[in-house]
Amino acid sequence: MTLPPRIEVPDTVLEIVQALISAGHEAWCVGGALRDALLGERQSDFDVATSATPPEVRALFPRTIAVGEQYGTIGVLDRHRALHEVTTFRRDVSTDGRRAVVAYGVSLEDDLARRDFTINAIAYQPLSGEWKDPFQGARDIEAAILRAVGAAAERFGEDYLRILRAIRFAARFDLQIERATWEA
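Figured I'd write up the structure that's included with this text. (Residues numbered from 1 in each chain as written. Predicted model: local features only at pLDDT ≥ 70, side-chain atom pairs only at ≥ 80, totals over all residues. Heavy atoms only, no water.)

1. Details of the side chain of Asp-159
Then, in step 1: As for its position among the elements, Asp-159 is in the loop between helix H6 (152-158) and helix H7 (161-173).
Then, in step 2: By relative accessible area, which is 16% here, Asp-159 ends up buried. (Helix = DSSP H or I, 4+ residues; strand = E, 2+ residues; numbered from the N terminus. Buried < 20%, exposed > 50% of the residue type's maximum accessible area, 1.4 Å probe, protein only.)

Now the structure itself:
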């Protein structure tokens with residue numbers, strides 16, 4: 001699959017991305033809205049991944065909510081009072097199979113490497129139109145395959161709910177679960 005040169009991102013999300021970049025941080029759209037756009041589904045809920053730490057995000061925006069600050073996520077309320085999740089690039093330090101202890105100060109690529117499935121490990125920079133797809137999630141979307149990022153057993157060991165997410169994504173998007181992912 002060739003990634004499109006542009007996808008439509010709401011102005012309110014673009015404003016958040018622009019504010020982060022203007023303050024000297026990286027900012028990328030990530031998550032389900034990108035997957036849905038590439039699948040031809042309706043997009044909603046654009047999440048932003050950034051190099052800014054939670055305190056830096058809180059200082060930059062006048063209206064924020066700590067929706068998961070211990071995991072790096074701050075909710076930013078836009079001018080319409082809609083909530084957008086802004087999460088610091090992170091990697092897992094340890095996990096109990098459901099909750100992770102995370103570390104910041106990592107790259108976008110490290111952040112994408114900790115995600116569940118290749119179709120969810122894609123990033124889009126909406127101001128430049130640049131894409132990052134280090135695990136070939138777009139290729140898997142085109143082939144209708146659901147594949148874990150890296151070793152599937154490790155991904156499922158980090159968060160047991162990923163097993164249920166695999167079945168839900170496979171059913172919702174008519175995807176074949178890749179053999180190693182299924183066996184894990």
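2. Overview of the pairing of strand E5 (residues 83-88)
Then, in step 1: Note: strand E2 (residues 47-50) against E5, 3 bridges, orientation parallel. Bridging from a neighbouring strand, Thr-50 pairs with Thr-88 of E5.
Then, in step 2: Of the strand pairs in this sheet, strand E4 (residues 73-77) and E5 are connected by 5 bridges, and their pairing is antiparallel. In the strand pairing of E5, Leu-77 is matched with Leu-83. (Pairing = 2+ DSSP bridges.)

3. As for the packing of aromatic side chains
Then, in step 1: Here the structure, examined in full by the defined rule, presents 4 aromatic pairs.
Then, in step 2: Judged by centre distance (4.6 Å) and plane angle (40°), the rings of Tyr-124 and Trp-131 are tilted.
Then, in step 3: Looking at Tyr-124, the relative accessible area reads 0%, which means it is buried.
Then, in step 4: Accessibility expressed as a relative area gives 15% for Trp-131, which makes it buried.
Then, in step 5: Ring plane angle 25° and centroid distance 6.1 Å describe the contact between Phe-169 and Phe-173, whose orientation is recorded as stacked. Remark: Phe-173 and Phe-169 occur in helix H7; sequence separation between them is 4 residues, near one turn of the helix. You'll find Phe-169 and Phe-173 in the same group, each marked buried. (Phe/Tyr/Trp six-rings, centres within 6.5 Å; stacked < 30°, edge-to-face > 60°.)

4. Re the nonpolar core
Then, in step 1: By size, the foremost hydrophobic cluster in this structure holds 36 residues, and its most contacted members are Ile-7, Leu-20, Phe-46, Val-48, Val-57 and Leu-146.
Then, in step 2: Secondary structure elements with two or more residues in this core: helix H1 (11-22), strand E1 (27-30), helix H2 (32-38), E4, H6 and H7.
Then, in step 3: Aside from chain neighbours lying at most four places away, what touches Val-48 is Val-13, Ile-16, Val-17, Leu-20, Ala-27, Trp-28, Val-30, Glu-85, Val-86 and Thr-87.
Then, in step 4: With 10 residues, the next largest nonpolar core counts Val-30, Leu-108, Leu-112 and Ala-123 among its residues. (Core = buried A, V, L, I, M, F, W, Y, C linked by side-chain atoms within 4.5 Å. Contact = heavy atoms within 4.5 Å.)

5. A closer look at the sheet that holds E1
Then, in step 1: Strand order in the open sheet formed by 7 strands is E3-E4-E5-E2-E1-E8-E9, with mixed pairing between adjacent strands. Both outer strands of the open sheet, strand E3 (64-68) and strand E9 (130-132), are each paired with one neighbouring strand and no more. On average, adjacent strands in this sheet sit at an angle of 30° to one another, irrespective of strand direction.
Then, in step 2: Two elements, strand E8 (residues 123-125) and E9, share 3 bridges in a ladder whose sense is antiparallel. Pairing of Gln-125 across the sheet is with Glu-130, part of E9. (Axes fitted to C-alpha atoms, helices over the stretch in contact; angles between N-to-C directions.)

6. What about the side chain of His-25?
Then, in step 1: Counting through the fold element by element, His-25 comes out in the loop between H1 and E1.
Then, in step 2: Judged by its relative accessible area of 16%, His-25 falls in the buried class.
Then, in step 3: Beyond its immediate chain neighbours, meaning those up to four positions away, His-25 contacts Leu-20, Thr-50, Ser-51, Ala-52 and Glu-56.

Spatial relationships are all this shows, so hold off on functional conclusions.
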